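# Coordinates in review
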Amino acid sequence: MLLSELRIRNFRGYGEYKAGPDRHFVFKDLDSQLVIFHGFNGHGKTSFFEAIEWCLTDTVVRLEKLYKGGIHGGAYSAPILKKSHYLKFSPSTSNDDGESEREISVEIYFNNGTRIIRRSKSKVLGSIGATDYSSTVELTEKGHPAKLISNSELLEFLAYSSGDKKGIIGAHILAQDGITDFIRIRSPEERKSLFMRFLQQEGISNHIESLKGYVNGGNLLARKKTELENKRDEYVVQQERINNFLQNIGYSSIDDYKKQFLNTYRNLLPYIKRRRRYYAVPLVMLVTEGPIEIKNYINLFQKAELLIEKINQEKVRIQTRDNELKSAKQNIDLLNLLFITEGVIRNSNHAKFLLESDIASLQSKYGEYERKRLEFENNKKEINLKLETTSEYQNLFNSLDKHIDNENLSVNKLIWNAINEEFERLNTFQFELESVLKLPPNLHLQLPTKDEEQLEEWKSRLLDLEWDRNQCFLELDHLINNKKSLSTLNQQYQQILERVKQYIQNQSEPIKSCPICKSDNFSVVEKILGIPEDADTDMKLVAIIDYTIANGDRALLELSNEENELVKKDSYIKKLIEEEVIVPLLNWIKLMRESSEKSLEGIREYLIKQIDDLVIEENKLIINSQQLKSQWDRIKDSSRIIFGEDVPLQNISINTLNECIKTKETWFKTNLEKIEFQVPPTTEEVATKIQYVKGLNEVSYFMDKPDELLKEIFSTKWNLRFIEALHKRLSKFLELKVPVEFANHFEQYENLNIDINRLNDILGQIVDLQDKAKSKLQQLVQKQNQILGDKLHGHPVISWVYNVINPHSQYKDLKVIVDKQGAHFTSEEIRENLYLDQIFSQAQLNILALSTFLGIGITQKLSKLDQLLLDDPIQSMDDVNVLAFIDVLRALLDAESNTKHLIISTHDDNFAELLAVKMRNKKITQYHIEGYSGEGPVYRALT
């Protein structure tokens, strides 16, 4: 499967190619035997290869090294240099059209119809610090719809069975900084595992790695053995400590201890069950159904400890509550005494006030005050009634306007009855003025009067004008009907005459007589119309038709003139109605309305002034009587407090008043200390004390609930006795508690011997497994070394490539050896324990890496890809080695057994040109990167 086309957008050095499809940079014909990229460094060659790597593996190894360190010694810290590990293209400020909205897109097309597209909007790979990194992969196989797949599914599609599929795919790309990575950075042990994977023998390597975990120091079996030995020793120690504990508390054996435990628990259990509904403490947690075994002891002790802790808390709460209730009871008793004290003082004070007051005199003065006040109230009610009566006539003459249509100059006939009704209302109002309102004679009112003669004159004139107007309407209607009839007839007649005229004019032969009446005598018409006698008959007929049509129009014109005269007459009559009836009548109605409103306003002002005068007098009375009213109200209040509502003031008992005063003195002699006063208090002092006591805890709640208070006091005392008794029994039970340090093993005491024997058996099995693992590991390592030695020692491609390029004048034959440390590169000429990867220069290591990469890449069959990608492979190589490397590439492409194609980049134009010349008989694709723009490389395909 060959990569045939690559499309890149917004990846690394490639931005958006605005002239390309979907703004992608497009590289085609990549399935040629050889594809050459050449151009200056930093112009996108490496980004080309990294785009393929990212699309297929979702990572770029070089970027991970830039961020995490590796050969570069750490990640870049300068803000600008941080962009060196960006995954997304970073445009300059001048052409940044929304960097955050850009999407990375790399599309790979294969020659078998397969297409892979990877997209992302992330700036940085997730493996190098981007917490929000994400990408999607879309796979399209020929003849199947596109589908989104995972990275693991993509690798399963690209690579055959292998544990490290991403490594297999990455082995197709030899990047610049990865050339020596294979040789120098990898340890010999890692290199050994890598060779086994490429030789499809990774199963053996995996087994070796697994067995090392059971054999080497700190391995799984050794750690498990130590763990089990410690566990066994712990069981032994715990068994001895439990036995010592039982002896120290007076029990010779575990059976004696169990018997005492059960007796103590059985004594405790019935007491708990009787009170298991005491919800403040979870007593039910100690109730266990079924037989009690030693494995239950620790759990019961833990529950008992938790329960006794809650009991202590509950005891404190109950004692606090008991004190609060006692205090509340004392304060409520005090409050009741204070209420009685307040009543005694209040009655005594009221009795003294009544004895000192002149009740008869105040009663007489207050009666006079009440009489005058009621008189003022009645007068105000009477005046307000007059105001209400006046308000009923405020709308006189307001409803007459609705009978007049000023716009159409018409008057409703009902207006005359309406005018009579309004004057009847006015007459009623005048009667009420005299009989109900009783206004003084000096209040001059100008009420409107009815002018019967004038109203009759307007009514008569209106009837005459309306009769004239109706006559005009009748004539006008008759004239319009005639006009319509004549117009219709004339129009139809004219149409017939026009058709006759057209018929006469269209005849080709001369007409001898009238086509309608068949007469040929036109003497009368000749005289009227002045037609010569020798004129043609058709000419005479046309003249008669024209004359007839003209006479029909003049008749309509005369009817129209008569119609206009009648319309003018109607307008004149309407004007007379307006000027002689409507306008004078409206003015008269307005005058009536204004006259009535003015009279009503005068009456209202007079009545309102009367109310104001009464209010002033009433206020004076109230001001003068305030002290009297205050004294009178106090006397009534005092009487009501002592005697009740129904006792008349004149029937007040002097003896009762004296008894109230004496009761106060007797009360204080007996209860002064009980209410916590040194001297008899005043009413205010008692009231202050009452408010203080009410604000104390629980007083406000229980003040009106004495029975509930007594019930709770009894319940609290009973609960306190129960809690104290329960605490005593639990404390006795906890004297049997097992110490914390071996509580876990106490539950399994009876099984400790069984557990110790079981652990000894397992330890014996572990020792046996360790011996077997060591033996098996030695066999597999020997097998691995044998496979690598057989396959790599004389690997034809690796040795041949190395020999052709000839990196060293002395060490010419490459040899791969395998030992316990791993896989090493050496030479037949080396007799000592010396390795080429330790003594070679950078250029020589480059050739060594190329030899290994090409040898394994050409021969490995672990993936579906049939291409090798080399990014600038000739770095640090001299001209002789470069020429030799070109010969190697040509020989590889000529080999019939080789199916792999090559994609190579280089910064050296001479190398690219020479390579193209050498491969001129092959199918070659060349791309020359000529420069770099604001959105990426500027390149062209060479033909």
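The structure reproduced in this document is the subject of the present report. This structure is a prediction, so every number in the text was calculated from the model and none was measured.

### Description of the overall build of the protein chain
A count of helices and strands for the protein chain gives 26 helices and 16 strands. The burial tally for the protein chain puts 43% of its 943 residues in the buried class. In the protein chain, the share of contacts with a sequence separation of at least 24, taken over all contacts with a separation of at least 6, comes to 72%. Total accessible area on the protein chain stands at roughly 52,700 Å², and carbon and sulfur atoms take up 49% of it.

### Quick look at helix α1 (residues 45–57)
An α-helical segment advances 3.6 residues per turn. Residues three or four places apart therefore align on the same side. With 13 residues, α1 should cover 18 Å at 1.5 Å per step; its first-to-last C-alpha distance of 19 Å lies within 8% of that length. Counting buried positions over the 13 residues of α1 gives 13, a clear majority of the element.

### Considering the sheet that holds strand β7 (residues 147–149)
What the six strands build is an open sheet, ordered β2-β1-β4-β5-β6-β7; its pairing is antiparallel. Both edges of this open sheet fall to β2 (25–27) and β7, since each of them pairs with a single strand only. Between one strand and the next, the sheet's axes are offset by a mean angle of 20°, whatever the strand orientation. Relative to strand β6 (residues 136–140), strand β5 (residues 115–120) is paired through five bridges, and the arrangement is antiparallel. Looking across to β6, one finds that arginine 119 is bridged to threonine 136.

### Notes on the side chain of glutamate 138
Inspection of the secondary structure assignment puts glutamate 138 in strand β6. Judged by its relative accessible area of 17%, glutamate 138 is buried.

### Quick notes on the pairing of β5
In terms of strand pairing, strand β4 (residues 104–110) meets β5 through six bridges, oriented antiparallel. Paired with serine 105 across the two strands is arginine 119, which belongs to β5.

### So, the packing of aromatic side chains
One pair of aromatic rings is described through two measures. These are the centre distance and the angle between the planes. Counted by the stated rule, this structure contains 24 aromatic pairs. Arranged with centres 5.4 Å apart and planes meeting at 85°, the rings of phenylalanine 261 and phenylalanine 301 form a pair that is edge-to-face. On the criterion of sequence distance, the pair formed by phenylalanine 261 in helix α9 (residues 254–274) and phenylalanine 301 in helix α10 (residues 297–356) is long-range, its members being 40 residues apart. Given a relative accessible area of 3%, phenylalanine 301 falls into the buried group. An aromatic cluster of at least three residues, connected via ring pairs, comprises Tyr14, Tyr17, Phe25, Phe27, Phe37, Phe48, Phe49, Tyr927 and Tyr939. The lysine or arginine in question, arginine 118, covers the ring of tryptophan 54, its NZ or CZ lying 5.8 Å from the ring centre. Between the NZ or CZ atom of lysine 689 and the centre of the ring of phenylalanine 677, over which it lies, the distance is 5.9 Å.

### Describing the layout of surface pockets
Considering only enclosed or pocket space, the second largest pocket measures out at about 230 Å³ in volume. Together, 13 residues line the second largest pocket, and Gly42, His43, Gly44, Thr46 and Ser47 are the ones closest to its centre. Here the lining of the second largest pocket is built from residues that sort into two nonpolar, eight polar and three charged.

### Structural notes on the sheet that holds strand β8 (residues 173–174)
Strand order in this open sheet of six strands is β8-β13-β14-β3-β15-β16, and the pairing throughout is mixed. Two strands lie at the open edges of the sheet, namely β8 and β16 (936–942), each paired on one side alone. Note that β8 and strand β13 (residues 867–871) share two bridges and pair parallel. When the sheet's bridge partners are listed, isoleucine 173 is paired in β13 with leucine 869.

### Points about the nonpolar core
Most often, soluble globular proteins keep nonpolar side chains buried together rather than apart. Core analysis: the biggest nonpolar cluster contains 53 residues, and Ile415, Trp416, Ile419, Leu585 and Trp588 have the highest contact counts within it. Those elements that place two or more of their residues in this core are α10, α11 (359–391), α12 (415–437), α13 (452–506), α15 (537–643) and α16 (654–671). Once residues within four sequence positions are removed from consideration, isoleucine 415 is found in contact with Leu400, His403, Ile404, Leu585 and Ile589. Formed by 48 residues, the second largest nonpolar core is a distinct cluster that contains Met1, Phe49, Leu63 and Ile116.

### Structural notes on unusual backbone geometry
Despite not being glycine, aspartate 22 shows a phi value in the positive range, around 55°. Relative to the helices and strands, aspartate 22 resides in the loop between β1 (3–9) and β2.

### Observations regarding the packing of helix α24 (residues 842–859) against helix α25 (residues 879–894)
Viewed as axis vectors pointing N to C, α24 and α25 meet at an angle of 0°, and their least axial separation amounts to 13 Å. Of the possible angle classes, the one that applies to α24 and α25 is roughly parallel. Taken together, the residues of α25 that come into contact with α24 (itself represented by Ile847, Leu850, Leu854 and Ile858) are Asn881, Phe885, Val888 and Leu892. For the contact of α24 with α25, the residue count by class is seven nonpolar, one polar and no charged.

### A look at the pairing of β6
By the criterion of burial, β6 is predominantly enclosed, with four of the five residues buried. Judged from the three bridges that link them, β6 and β7 form a sheet pairing that is antiparallel. Bridged to glutamate 138 within β7 is leucine 148. In this structure, the hairpin formed by β6 and β7 is closed by a connection of six residues, where glycine 143 is found at a positive phi of approximately 85°.

### As for empty space enclosed by the protein
Considering all chains together, one arrives at one cavity of 30 Å³ or more under this definition. Reported here for the largest cavity is a volume of approximately 80 Å³. Among the secondary structure elements, those contributing two or more residues to the lining of the largest cavity are α1, β4 and β13. Looking at the lining of the largest cavity residue by residue, the classes come out as nine nonpolar, two polar and no charged.

### Brief notes about the environment of aspartate 132
Mapped onto the secondary structure, aspartate 132 falls in the loop between β5 and β6. Spatially, the C-alpha atoms of aspartate 132 and serine 122 are 7.2 Å apart, while their sequence positions differ by 10 residues.

Conventions used here
- Residues numbered from 1 in each chain as written.
- Predicted model: local features only at pLDDT ≥ 70, side-chain atom pairs only at ≥ 80, totals over all residues.
- Heavy atoms only, no water.
- Helix = DSSP H or I, 4+ residues; strand = E, 2+ residues; numbered from the N terminus.
- Buried < 20%, exposed > 50% of the residue type's maximum accessible area, 1.4 Å probe, protein only.
- Contact = heavy atoms within 4.5 Å.
- Areas by Shrake-Rupley, 256 points an atom, 1.4 Å probe, with all protein chains shown as cover.
- Expected span 1.5 Å × (residues − 1).
- Pairing = 2+ DSSP bridges.
- Axes fitted to C-alpha atoms, helices over the stretch in contact; angles between N-to-C directions.
- Phe/Tyr/Trp six-rings, centres within 6.5 Å; stacked < 30°, edge-to-face > 60°.
- Lys NZ or Arg CZ within 6 Å of the ring centre and 35° of its normal.
- 1 Å grid on protein atoms, 1.4 Å probe; cavity = no way out; pocket = protein on both sides within 12 Å on 5 of 7 lines; lining within 4 Å.
- Points joined across faces, edges and corners; volume = space filled by probe spheres on them.
- Nonpolar A, V, L, I, M, F, W, Y, C, P; charged D, E, K, R; others polar.
- Core = buried A, V, L, I, M, F, W, Y, C linked by side-chain atoms within 4.5 Å.
- Parallel < 35°, antiparallel > 145°, perpendicular 65-115°, else oblique.

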